[in-house]
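# Structural overview for review
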Amino acid sequence: MAGPKMAGIIIREAHYPGRAPIEAYGNGGFRFADMSHRGSLLCLPSGIHGWEPADPAKLTAADFDRVFSETEGIEILLVGTGADIRPLPAALRTAMKEAGISADPMSTGAAVRTYNVLLAEDRAVAAALVAVD
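Numbers given for residues are sequential positions, taken from 1 along each chain in its written order. Reporting of local features is limited, given that this is a predicted model, to residues whose pLDDT is at least 70; pairs of side-chain atoms are given and counted only at 80 or more, and all residues count toward the totals for whole chains, interfaces and linings. Each side-chain value is worked out from all heavy atoms of the structure, with water and hydrogens disregarded.

## Overview of unusual backbone geometry
Positive phi is not limited to glycine here, since Asp34 has a value of about 60°. Segments assigned H or I by DSSP are reported as helices when at least four residues long, segments assigned E as strands when at least two residues long, and all are numbered from the N terminus. Along the chain, Asp34 turns up in the loop between strand 3 (29-32) and strand 4 (35-38). Backbone geometry at Asp122 places phi at a positive 60°, although glycine is not the residue there. One can find Asp122 in the loop between helix 3 (108-120) and strand 9 (125-129). Its relative accessible area of 69% is what places Asp122 among the exposed residues. Think of it in three bands: with a 1.4 Å probe and only protein chains considered, a residue is buried below 20% of the maximum accessible area for its type, exposed above 50%, and partly exposed in between.

## Quick look at the sheet that holds strand 2 (residues 22-26)
To summarise the sheet geometry, strands pair through backbone hydrogen bonds and adopt either a parallel or an antiparallel arrangement. A sheet is described by the order of its strands in space; here three strands give the open sequence 2-3-4, paired in antiparallel fashion. Since the sheet does not close on itself, it has two edges, and those belong to strand 2 and strand 4, each with one partner. Each strand axis lies, on average, 15° off the axis of its neighbour in the sheet, ignoring direction. Bridge count between strand 3 and strand 4: four bridges; the pairing is antiparallel. For two strands to be treated as a pair, DSSP must find at least two bridges joining them. All axes here are fitted lines through C-alpha atoms, helices being fitted over the stretch that makes contact, and every angle between N-to-C directions spans 0 to 180 degrees.

## Observations regarding the nonpolar core
Generally speaking, soluble globular proteins have nonpolar side chains that are buried together. Residues enter a nonpolar core if they are buried and are Ala, Val, Leu, Ile, Met, Phe, Trp, Tyr or Cys, with the set joined through side-chain atoms within 4.5 Å. Among the nonpolar cores identified, the biggest contains 18 residues, and Ile22, Phe30, Leu41, Cys43, Leu78, Tyr115 and Leu129 are the most heavily contacted of them. Those elements that place two or more of their residues in this core are strand 3, strand 5 (40-44), strand 7 (76-80), helix 3 and strand 9. Among the elements that line this core, the one with the most residues is helix 3, at five residues. Residues Leu44, Val67, Leu88 and Ala128 belong to the second largest nonpolar core, which totals 16 residues.

## A short note on the side chain of Glu70
Along the chain, Glu70 falls in the loop between helix 1 (65-68) and strand 7. His is not counted here, nor are the chain ends, while Lys and Arg score as positive and Asp and Glu score as negative. Criterion for a salt bridge: a side-chain nitrogen of Lys or Arg within 4 Å of a carboxyl oxygen of Asp or Glu. The side chain of Glu70 is buried and forms no salt bridge, while Arg66, the nearest opposite charge, is found at 5.3 Å. Setting aside residues up to four positions removed in sequence, Glu70 forms contacts with Leu44, Pro45, Ser46 and His49. Throughout, a contact is declared for two residues whenever any of their heavy atoms are within 4.5 Å.

As structure tokens, this is what we get:
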């Protein structure tokens, strides 16, 4: 005898529809707005989105498609490159410049702290944060 029919689990794209400071980071994720997220994040004018760059050590313009779709609300993009600072590849820097975005790579910890300060100042800031352990 078969049991009751149950709907499968629906997995939705991770998205918080507002701007919020990052309360904590580490252990492979972040805490913000009394919630937690495992994995990397994009903090954009449209909200906070789960982000899965193809290779966090080698970021490409394709990893930033969502950022490029919201350029009007972004002047500064803080790129948290993980535990260590990694320069952005030349092609990515060029794409950011052409989009009118100043992209600043730094460690994820520094990017979180800077993002929180600029967000509190109501600046046109966004962040791409690679999760760290």
